[in-house]
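The primary structure of each chain is shown beneath.
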Amino acid sequence: MIVALAAGCTRPAPSPPAAPPPSVPPSSAPASASAPTPASSAPPPGSASAATPRPPGFVVLADVDPRIRTDIRYATVHNFVGRPVAGYPEPLCLLTRPAAEALRRVQDAALARGRSLKVYDCYRPRRAADDFVSWAKQPGEQQMKAEFYPRVAKSELFDEGYIGAPTAHSRGSTVDLTLVDVPTPTQSPYVPGQPLVSCTAPRGQRFADNSVDMGTGFDCFDPLAHTDSPQVTGVARDNRRLLRQLMTDGGFVNYDREWWHYRYRDEPWPDTYFDLPVARSSAERAGG
Ligand SMILES: C[C@@H](N)C(=O)N[C@H](C)C(=O)O
Ligand SMILES: [Zn+2]
């Protein structure tokens, strides 16, 4: 265990070469750049200056709140790279315990409004962010462009802030999520090779996610996904606002370029980027 945990060190992450350093959105920069650090003047546990790396204390979200739906896209072929991403051997949502418990409180509030949370991504290992960087270095590989970044050049995805490396997700307290109705409609599976439809197309035309209408699909790298896009009106705007209200009340901060991306404000590891795989073996038992 200690060997694996030593992988969770503080370090700068790679940038795609032959391009300017990637834009790191406020939500992905070390929290010291975007939010107050803990009051303690001692080095944060697990940081390079701490004597001994400590376990991140990840839990499986389903152990903390089995009511929250999961659709972990990076463990599947239905994502913007079109294949499972490095570091996702199991389709699980791992989070730090404080973030998971905060999400359980948000779920209580969502259910009171007749909705449930559905998570697409939670803790994301450094190796996954590295995989995204490697993918970005292959300009000809655009098999999923038609659905996920139909109007933005692949070469711009990092610079425009749609993908981060390093990413706040590697600190274990950031989550990509949406709202679904309760009872929740069954979602038809994505079939590899099926015709891709732009994530910016109206609900009913784009991929039939069981999410409520948020105006775009998940991981839609497009200005229409900016949380306050003036092009998103009516029900979709109301749904984005409801998600933001619920999450903000629960202690999370939205990233303004992605309606689905939220960071837990009081994250316990504001400077540490972990590289444990997304697997049950990387988590503690929920009650422990
Ligand atoms: C890739 C997308 N789901 C996401 O999380 N983007 C932000 C910017 C990140 O990678 O941190
Ligand atoms: Zn995200």
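Residues numbered from 1 in each chain as written. Chains lettered and ligands numbered in written order. Predicted model: local features only at pLDDT ≥ 70, side-chain atom pairs only at ≥ 80, totals over all residues.

- Going by an unreviewed UniProt entry, the protein chain carries the name D-alanyl-D-alanine dipeptidase and comes from Micromonospora peucetia.
- Reading the Function (unreviewed entry) entry of the UniProt record for the protein chain gives the comment "Catalyzes hydrolysis of the D-alanyl-D-alanine dipeptide."
- In UniProt, the protein chain has this text filed under Catalytic activity (unreviewed entry): "D-alanyl-D-alanine + H2O = 2 D-alanine". (UniProt positions renumbered as here; feature names shortened; annotations may be inferred.)

## A look at the overall build of the protein chain
Move 1: For the protein chain, the helix and strand inventory stands at six helices and seven strands.
Move 2: Shown N-terminal to C-terminal, the secondary structure of the protein chain runs as helices and strands in the order α-β-α-β-β-α-β-α-α-β-α-β-β.
Move 3: Sorting the 288 residues of the protein chain into buried and exposed places 45% on the buried side.
Move 4: Within the protein chain, residue pairs in contact and separated by at least 24 positions form 77% of the contacts whose partners lie at least 6 positions apart. (Helix = DSSP H or I, 4+ residues; strand = E, 2+ residues; numbered from the N terminus. Buried ≥ 20, exposed ≤ 12 C-beta atoms within 10 Å, placed from the backbone. Contact = placed C-beta atoms within 7 Å.)

## Structural notes on the sheet that holds strand β2 (residues 69–70)
Move 1: Taken together, the five strands give an open sheet; going across it, the order is β2-β4-β5-β7-β6, and neighbouring strands pair in mixed fashion. Taken across any chain shown, the strands that pair with only one partner, and hence form the sheet edges, are β2 and β6 (252–255).
Move 2: Here four bridges tie β6 to strand β7 (residues 258–264), and the two strands are oriented antiparallel to one another. For F252, the partnering residue across the bridge sits in β7 and is Y264. (Pairing = 2+ DSSP bridges.)

## Comments concerning the nonpolar core
Move 1: Core analysis: the biggest nonpolar cluster contains 61 residues, and L61, C93, L94, L95, L103 and V119 have the highest contact counts within it.
Move 2: At six residues, the largest contribution of residues to this core is made by helix α3 (residues 97–112).
Move 3: Once residues lying within four places of it in the same chain are set aside, the contact partners of L103 are L61, D65, I68, L117 and V175. (Core = buried A, V, L, I, M, F, W, Y, C linked by C-beta atoms within 7 Å.)

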